[in-house]
Amino acid sequence: MTVPTPATPSDVFDLGPDHEQVVFAHDPATGLRAIVAIHSTALGPALGGTRFHPYPSTDAALRDVLDLARGMSYKAALAGLDLGGGKAVIIGDPRTLKTEALLRAYGRFVQSLGGRYRTACDVGTTSEDMDLVARESDYVTGRTVAAGGAGDSSVLTAYGVFQGMRAAAEATWGTDSLAGRTVGVAGVGKVGRHLVRHLVEDGADVVATDVWQPALDRVRDEHPGVRAVASAAELVASTLDVYAPCALGGALDDEVVEALSARVVCGAANNQLAHPGIEKTLADRGVLYAPDYCVNAGGLVQVADELHPAGPSFERAQQRAGRIFETTREVLERAARDGVPPAHAADRLAEARMRDVGRLRGIWVG
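Procedures and definitions
Residues numbered from 1 in each chain as written. Predicted model: local features only at pLDDT ≥ 70, side-chain atom pairs only at ≥ 80, totals over all residues. Heavy atoms only, no water. Helix = DSSP H or I, 4+ residues; strand = E, 2+ residues; numbered from the N terminus. Buried < 20%, exposed > 50% of the residue type's maximum accessible area, 1.4 Å probe, protein only. Contact = heavy atoms within 4.5 Å. Areas by Shrake-Rupley, 256 points an atom, 1.4 Å probe, with all protein chains shown as cover. Lys, Arg positive; Asp, Glu negative; His and termini not counted. Charge placed at Lys NZ, Arg CZ, Asp CG, Glu CD. Core = buried A, V, L, I, M, F, W, Y, C linked by side-chain atoms within 4.5 Å. Pairing = 2+ DSSP bridges. Axes fitted to C-alpha atoms, helices over the stretch in contact; angles between N-to-C directions. Phe/Tyr/Trp six-rings, centres within 6.5 Å; stacked < 30°, edge-to-face > 60°. Lys NZ or Arg CZ within 6 Å of the ring centre and 35° of its normal. Expected span 1.5 Å × (residues − 1).

(A) Broad picture of the overall build of the protein. Of regular secondary structure, the protein possesses 16 helices and eleven strands. Out of the 366 residues in the protein, the part that is buried amounts to 55%. Contacts in the protein between residues far apart in sequence, at least 24 positions, make up 66% of those at least 6 positions apart. Working note: accessible area of the protein is about 14900 Å², and carbon and sulfur atoms make up 51% of it. Across the protein, the mean location of the 36 positive side-chain charges is 4 Å away from that of the 46 negative side-chain charges.

(B) Up close: the nonpolar core. In this structure, Met165, Leu178, Val183, Val185, Val188, Leu195 and Leu199 are the most contacted members of the largest nonpolar core, which totals 31 residues. Listing elements by their share of this core, those giving two or more residues are α6 (154-173), β6 (182-186), α7 (190-201), β7 (205-209), α8 (213-222) and β9 (242-245). Apart from the residues lying within four places of it in its own chain, the contact partners of Val185 are Gly192, Val196, Leu199, Val206, Val207, Ala208, Thr209, Leu235, Ala244 and Cys246. Judged by nonpolar contacts, the second largest core, of 23 residues, contains Ala34, Phe52, Tyr106 and Met130.

(C) Up close: the sheet that holds strand β1 (residues 21-27). Read from one edge of the open sheet, five strands run β1-β2-β4-β3-β5, paired in mixed fashion. Of all the strands in the sheet, just β1 and β5 (117-121) have a single pairing partner and so form its edges. Averaged over neighbouring strand pairs, the angle between their axes works out to 25° when direction is ignored. Summarising the sheet, strand β3 (residues 46-53) and β5 pair through five bridges and their orientation is parallel. Bridging across to β5, Leu47 finds its partner in Arg118. Its contacts with the sheet place helix α2 (residues 58-78) against β1, β2 (32-40), β3 and β4 (84-91), and it is angled at close to 155° to β4. Here helix α4 (residues 100-111) sits on the sheet in contact with β1, β2, β3, β4 and β5, set at roughly 35° to β2.

(D) Geometry of the side chain of His194. Inspection of the secondary structure puts His194 in helix α7. Discounting chain neighbours no more than four positions away, the residues touching His194 are Asp152, Ser154, Val155 and Ala158.

(E) Geometry of the pairing of β1. Pairing analysis gives seven bridges linking β1 to β2, with the strands arranged antiparallel. Bridge pairing links Asp27 to Leu32 in β2. Count of turn residues in the β1/β2 antiparallel hairpin: four residues, of which Gly31 carries a positive phi of about 85°.

(F) Quick look at the side chain of Asp122. For Asp122, the position within the fold is in the loop between β5 and α5 (127-133). Residue class for Asp122 comes out buried when judged on its relative accessible area of 13%. For Asp122, the contacting residues outside a window of four places in its chain are Gly49, Thr50, Arg51, Lys87 and Lys190.

(G) Geometry of unusual backbone geometry. Positive phi values are uncommon outside glycine, yet Asn271 reaches one of about 50°. Along the chain, Asn271 turns up in the loop between β10 (264-265) and α11 (278-284). Asn271 gets classed as buried once you look at its relative accessible area, which sits at 16%.

(H) Structural detail: the packing of aromatic side chains. One pass over the structure, following the stated rule, counts two aromatic pairs. Pairing Tyr74 with Tyr293 gives two aromatic rings, centres 5.7 Å apart and planes at 70°, and the pair type is edge-to-face. Pair noted here: Tyr74 is in helix α2 and Tyr293 is in helix α12 (residues 292-295), with a separation of 219 residues, a long-range link. Aromatic side chains Tyr106 and Phe109 sit 6.4 Å apart centroid to centroid with 50° between the ring planes, which places their arrangement in the tilted category. Here Tyr106 pairs with Phe109, and both are found in helix α4, just three residues apart, close to one helical turn. A residue is classified by how much of its surface remains accessible, and Tyr106, at 0% relative accessible area, is buried. Sitting over the face of the ring of Trp173, Arg181 holds its NZ or CZ atom 4.1 Å from the ring centroid.

(I) Examining helix α16 (residues 342-358) more closely. Its 17 residues place the ends of α16 23 Å apart at the C-alpha level, agreeing with the 24 Å of an ideal helix rising 1.5 Å per residue. Of all the residues in α16, the buried ones are Pro342, Ala343, Ala345, Ala346, Asp347, Leu349, Ala350, Arg353, Met354 and Gly358. In this structure, the buried residues of α16 make contact with α2, α11, β11 (288-289), α12 and α15 (324-338).

Below is the structure:
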C-alpha cells in the first residue's frame, strides 16, 4: 500500500489525493473535534473505527486519519468483504474529554453522512462508547452484545493476527506452530493481551512491553511466564524469532529494522511501515513481514458481521477470521513467486479486487 509523500500541512487534496471525502466536525459545547476520512466506497460503504487520541495538532490527526482510512480499504478488499474503507479520529485525551454528550454529538455527525461511513471502536474507544454513539446514529457497529452488537472487536483482531503469524511461521520455519519460538509483543492493551494468550497456549516464549504499566502487570498476572522489558527499544534489541507491533503505527522505522533480530514481523498495529521503502529493507535483511492490514483484519470481520441480515454471530465471524491464515499464506506465496516484498503482493491482491469488483459499483451513495 503506497503512502503518498507528505505535502504541506493545509493541503488536504495533496495529502489524500485518492480519498473520496474528508469531513471535519466541531461541536464547541461538548469539545468535539473530529475528522472522518472516506478513502473508497467502490466495494460498499466505508467501515472503520473511531480513534480517540490526543494528537499534537490537527495536521497530525489529519495525516493519521487519511493513512488509516486508506488501510481500511485495502483491509476490507483483501478480507473479501463488500465494504469500503474509512476512519474517524476524535482529537483529545479520552481519559479527560470523553463524555456521553460528546459521543452523542459525534453520533449525530456520523448520522449526517447518510451511511457512507459506518463506525466502530478503535484505540481510545470501547464497545460501550459505540452504544452511546448508536443512540444518535444508525451506522454504528462494534456495539456491546447487550445492545445487539458483536462485542469487543479486539478478540478477533488478535485471533486473526495469530492466524497470520502461524502462516508466516510456516513460510519461515516449515511449521505453523509458534511452540518454542520467542515472540516479542509491543503493546499489550486490548489486542495485544488476547494475542499473548494465543501465543502462550501455543507454547511460545513471550516477551512483552507497554507504555502503560497496568496493562503489562495485568498480562503478567494472567500469564506468569511472560517476561517484561521496559521499552519497545529494549524489546527490539532482544533476541527474538517474531516481533509483533501491537500499539500505534509507524513502529517499523530505519532504526528499528536495523536493530531487529527477529525473522518474522507480524503484529496488530495499523500502518506499521514508517515510510515507503521500509518493506524492501526488511526483505533485504531476510525479515518476513506479514502485512499489517492482512493479518489484523479479524476485528473488521467481527464488526462487519453485525451488518448480516440475521444479526451478529461470533462463531460465523470467527470462522471467517480464521481464513486470515490462508490469505496470509497466499500473500507470502505470491511475494515469493513474484520476487517482491509481501507488502507489495498484498497491495496487488487488494487493488485487483477493488478494481475488478469496484468498477461494477462506482461510488457508494446508499
